[in-house]
Amino acid sequence: MIETAPPPPPPPALRLRVDKAALAANWQALDALSGSARAGAAIKADCYGLGLDTCLPVLRDAGCAQFFVAHWSEVAAALRHVPAHQIAVLHGPLTGDDAAYAKATGAVPVINSLQQARIWAEAGGGLCHLMVDTGINRIGISPHEASDPVLAMLDIDLLMSHLASADADSVQNPRQLSALRVVAQQIPHQRLSLANSAGIALGADYACDLTRPGLALYGGVPRAELAGALQQVARIEAAVLQRRRIAAGASVGYNATFIARHDMDVAAVSLGYADGFLRSRGPGGALIRGDARLPILGKVSMDMVVVDCTAAPGLVAGDWLEVPFYLPDVAQQSTLSQYELLTTIGPRLRRC
Ligand SMILES: *Cc1c(COP(=O)(O)O)cnc(C)c1O
């Protein structure tokens with residue numbers, strides 16, 4: 001161990017750029033599409049991998065005043081930017097320790113079961129949200145539990161449910177909406193909330209009082225109707241580490257899955273699956289240099305990927321390549337979901 005701090009590191013050979021103007025515009029577009037309802041924002045999982053410290057101030061300054069995290073461990077980071085009463089914790093209190101932490105910080109629990117309602121009441125209660133499961137069958141009280149006396153002890157701001165199939169034209173959508181409306185008649189609450197990003201495209205009925213977009217804020221397009229309203233937020237670039245000429249018959253990468261049919265120029269690029277560029281993005285994938293498309297050759301490694309640079313004759317070490325990241329297109333090409341593409345962005349990229 002060295003006693004003195006090392007000097008600051010040189011600039012990295014890969015970078016994630018978050019387009020803050022596009023992020024703000026996406027929230028504003030989703031808020032407008034929510035009609036008379038307001039849009040909140042799902043900021044769980046480090047703002048879907050794009051960095052909470054980068055994204056949360058932008059959402060707040062755009063006008064957002066209701067934020068959703070999943071875990072209690074995500075509260076402290078959000079508290080650096082927004083007041084506690086605007087932070088809802090979706091997983092709710094699993095233990096008395098969770099409830100005590102909610103009381104101590106002021107973050108608001110989403111109550112998901114009668115058991116969680118009891119835990120909250122025993123910790124002293126106070127303002128909370130309530131999740132009703134209307135058909136996704138994950139967490140939330142069941143509609144038949146709506147008359148349980150323990151719920152009458154709760155002071156409920158948001159009465160919420162979550163759509164299972166909002167990205168499709170499914171009969172499940174209207175069924176879930178009606179189920180929530182029935183429960184809303186039985187349980188006193190301040191605001192009603194159902195729609196996630198895709199749900200916003202289902203129309204005004206689904207918007208209720210508050211919508212909860214996540215994916216669409218960060219440039220994901222869960223339904224084609226939203227494509228025109230949303231902008232790409234994340235851009236990723238990686239630098240060429242080395243260019244080399246390989247002979248016909250030579251192979252590239254682990255297990256030699258690519259074999260050159262003729263002599264060709266290839267380039268190793270500083271991006272791999274540890275950065276979220278998973279192996280499924282290799283086959284059929286490419287990196288971009290200006291107008292040129294440089295196909296990926298062989299298996300993606302942990303810290304490197306190799307591309308065919310025939311289409312970029314002047315390419316040298318240190319040059320930057322663009323990693324395609326328009327989410328609906330990349331999802332289709334890679335078989336990963338748009339959510340997975342965002343949330344698997346690796347720590348080396350998030351830090352830059
Ligand atoms: C993650 C989450 C959202 C946001 O969903 P998107 O599909 O990303 O818009 C909304 N509500 C709940 C309960 C969630 O867990």
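Check the entry above for the structure.
A. Seen up close, the nonpolar core. Counting 99 residues, the largest nonpolar core has I43, L50, L59 and Y218 as the members making the most contacts within it. At six residues, helix α3 (residues 52-62) tops the list of elements feeding residues into this core. Those residues in contact with Y218, other than ones at most four positions away along the chain, are L23, A42, I43, C47, Y48, L50, C55, L59, V233, L327 and L342.

B. Region of the structure containing helix α6 (residues 114-122). Three or more residues of α6 are buried, namely L114, Q116, A117, I119 and W120. Tucked into the core, α6 has its buried residues touching α5 (96-105), β6 (108-111), β7 (127-131) and α7 (149-152). Looking one or two residues past α6, G124 carries a phi angle of roughly 115°, positive in sign.

C. Summary view of the site of the ligand. Looking at the ligand, there are 13 residues lining it, with K44, Y48, S197, L215 and Y339 nearest. Taking K44, its side chain carries an N or O atom lying 2.6 Å from an oxygen atom of the ligand. Between L215 and the ligand, the recorded distance is 2.8 Å, taken from a backbone N or O atom to an oxygen atom. Summarising the interface, the protein chains cover 92% of the accessible area of the ligand, which totals 390 Å² for the free molecule. Its residues placed into classes, the shell around the ligand shows seven nonpolar, four polar and two charged.

D. Molecular detail of the packing of aromatic side chains. With the rule as written, the count across this model stands at three aromatic pairs. Seen from their ring centres, W72 and Y101 are 6.3 Å apart, and the 85° between their planes marks the pair as edge-to-face. Separated by 29 residues along the polypeptide, W72 in the loop between β4 (67-69) and α4 (75-79) and Y101 in helix α5 bring together distant segments of the chain. Take W72: its relative accessible area is 10%, and that puts it in the buried class. Site record: aromatic cluster; members linked through ring pairs are Y48, Y218 and Y339. Just above the ring of W320 sits the side chain of R15; from NZ or CZ to the centre is 3.6 Å. A cation sits over an aromatic face here: K103 above W120, 5.4 Å from the ring centre.

E. Just the pairing of β7, in detail. Here β7 lies mainly inside the structure; four of its five residues are buried. Where β6 lies against β7, two bridges are found, and the strand directions are parallel. Bridge pairing in β7 links I111 to L130. One crossover worth recording links β6 to the parallel β7 by way of α6, and it is right-handed. Note: β7 against strand β8 (residues 155-160), four bridges, orientation parallel. Bridge pairing in β8 places L127 opposite D155.

Conventions we followed
Residues numbered from 1 in each chain as written. Predicted model: local features only at pLDDT ≥ 70, side-chain atom pairs only at ≥ 80, totals over all residues. Heavy atoms only, no water. Core = buried A, V, L, I, M, F, W, Y, C linked by side-chain atoms within 4.5 Å. Buried < 20%, exposed > 50% of the residue type's maximum accessible area, 1.4 Å probe, protein only. Helix = DSSP H or I, 4+ residues; strand = E, 2+ residues; numbered from the N terminus. Contact = heavy atoms within 4.5 Å. Near = heavy atom within 4 Å. Polar contact = N/O pair within 3.5 Å; in protein donor to acceptor, adjacent residues only side chain to side chain. Areas by Shrake-Rupley, 256 points an atom, 1.4 Å probe, with all protein chains shown as cover. Nonpolar A, V, L, I, M, F, W, Y, C, P; charged D, E, K, R; others polar. Phe/Tyr/Trp six-rings, centres within 6.5 Å; stacked < 30°, edge-to-face > 60°. Lys NZ or Arg CZ within 6 Å of the ring centre and 35° of its normal. Pairing = 2+ DSSP bridges. Right-handed = clockwise from strand over helix to strand, strands pointing away.

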